[in-house]
Amino acid sequence: MHPGVLHRRFLSDLSTSLFSFVLPLLPTSEELTIKEEVRTLIEKLIKTIEPSARLLSFGSSCNSFGLRNSDMDLVVLIDDPEAALDPSTFVAMIGDLLERETNFDVKPLPKARIPIIKLNLAASPGLPFGIACDIGIENRLAIENTRLLLTYATIDPARVRTLVLFLKVWAKRRRINSPYRGTLSSYGITLMVLFFLVHVKQPPVLPNLQRIAPIRPITEEEMMLEGRNVYFFDDVEMLRQEWSSINFESVGELLIDFFRYFSHDFQFNTMVLSLRAGPLTKESKGWTNDIDVGGLNEMARDRNRLCIEDPFEITYNVARTVTKDGLYTIRGEFMRATRILTQRPERAVLALAELCR
Ligand code: CTP
Ligand code: MG
């Protein structure tokens, strides 16, 4: 058969295989129901300490990039400005309350740099692996960046969700999704995929939501949160009507190109990935040196090996956890993936299995 025909057949096979790969890894409706019940229960308890408090989900439970058994990220928002509770005290109080009133395994960390409560829910029929849950306080930026990710996913769910979900699984299986061990957070991986779809692909698969002007004028006050500009175009109905990408590449083609771009083209030593602004230089951001954040060990350092700008907190490098060895491993994985997909094995489904081995 002609090599071009074989190649096209492989690409269409790869796209179909990606959809079938991801589908059984999505959370079950039972899992989502239990998570929502847990959130409601904890919120009710927290309101007994502070009636104006609300408990919101963020992260993969609600950005549409959730996998089965993924952890639950929750945040307490206190709406009453008179409620003068500092996060450490609040964390300690919530910790005591949950220990008293529930049978969750509770671990409050009031003294951590960012005070949180860690919870573990035991396994049950609807939750065969239990759930790990982190509760933070007043992290409003996380709610906004979760909404940004969700809006991007909603524009083109078939391609965007499939790519992100597959790459999250790949990164976990290849062990490059461990910020505590010198590699990337899921959030960092997701930003890399969106950066690729907005700024690298020509024509782009997605518009830059932070650069689309609002339909009606909005005030400075509406735009700002904790001193950051958190504006993005979030009218999903309007986006569905007005935005149609003229990039028709299949999810399989996009995956191959994603790996190829980060194997050969992206300049890790000098460049910053910015979803907000496109590729930037490390020099222009002053991200050329590592910063010691106090402490004796290697981990007590914010690094600028791999630079991913947070969409709203633009002075914050989301990939600051990536060490020299971590980056070496990550780049090696991009190259391995490119090799596997371009050597074009007989069947795409086998290539995916090999990728995630
Ligand atoms: N977050 C952040 N800054 C980081 C890491 C995370 O603001 N450096 C926030 C983001 O709102 C992100 C959420 O924390 O959506 C959860 O991060 P993470 O656990 O990395 O991503 P998830 O999408 O929840 O992935 P997983 O399913 O692996 O938990
Ligand atoms: Mg999470």
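These remarks concern the structure in this document. (Residues numbered from 1 in each chain as written. Chains lettered and ligands numbered in written order. Predicted model: local features only at pLDDT ≥ 70, side-chain atom pairs only at ≥ 80, totals over all residues. Heavy atoms only, no water.)

## A word on the nonpolar core
- One finds F166, L167, W170, F259, F262, L306 and L355 to be the most contacted residues of the largest nonpolar core, which totals 73 residues.
- Elements supplying a minimum of two residues to this core: α1 (3-22), α4 (140-155), α5 (157-173), α6 (186-200), α9 (251-265), β8 (271-274), α11 (324-342) and α12 (348-355).
- The contact partners of L306, leaving out residues within four places of it in the chain, are L184, F268, L273, N317, A319, V322, L327 and I330.
- In terms of nonpolar packing, the next biggest core, distinct from the first, is built from 27 residues, L97, I117, L127 and I131 among them. (Core = buried A, V, L, I, M, F, W, Y, C linked by side-chain atoms within 4.5 Å. Buried < 20%, exposed > 50% of the residue type's maximum accessible area, 1.4 Å probe, protein only. Helix = DSSP H or I, 4+ residues; strand = E, 2+ residues; numbered from the N terminus. Contact = heavy atoms within 4.5 Å.)

## Comments concerning the packing of α5 against α6
- It is at 10 Å that the axes of α5 and α6 come closest, and there the two elements cross at 140 degrees. Judged on the interaxial angle alone, α6 and α5 are oblique. Here α5 runs over α6; the crossing is right-handed. Two secondary-structure elements touch here, α5 through V160, L163, V164, L167, K168, A171 and K172 and α6 through S186, I189, T190, V193, L194 and L197.
- Considered class by class, the residues forming the contact of α5 with α6 number nine nonpolar, two polar and two charged. (Axes fitted to C-alpha atoms, helices over the stretch in contact; angles between N-to-C directions. Parallel < 35°, antiparallel > 145°, perpendicular 65-115°, else oblique. Left-handed = near helix turned anticlockwise from the far one by under 90°. Nonpolar A, V, L, I, M, F, W, Y, C, P; charged D, E, K, R; others polar.)

## Structural notes on the environment of D265
- In this fold, D265 is placed in helix α9.
- Remark: the alpha-carbon pair of D265 and L149, spanning 116 residues in sequence, is separated by 25 Å.

## Some details on empty space enclosed by the protein
- Within this structure, the stated rule accounts for one cavity of 30 Å³ or more.
- As a volume, the largest cavity reaches approximately 40 Å³.
- Lining the largest cavity, in full, are W170, A171, I176, L184, I189, M192, F258 and F334.
- Of all the secondary structure elements, the ones that give two or more residues to the lining of the largest cavity are α5 and α6. (1 Å grid on protein atoms, 1.4 Å probe; cavity = no way out; pocket = protein on both sides within 12 Å on 5 of 7 lines; lining within 4 Å. Points joined across faces, edges and corners; volume = space filled by probe spheres on them.)

## Regarding the packing of α4 against α5
- Across the interface, α4 lies against α5 with an axial gap of 5 Å and an inter-helix angle of 125 degrees. By the criterion of interaxial angle, the relationship of α4 to α5 is oblique. Contacts between α4 and α5 involve Y152, A153, T154 and I155 from the first element and P157, V160 and R161 from the second.
- Grouping the amino acids of the contact of α4 with α5 by side-chain chemistry returns five nonpolar, one polar and one charged.

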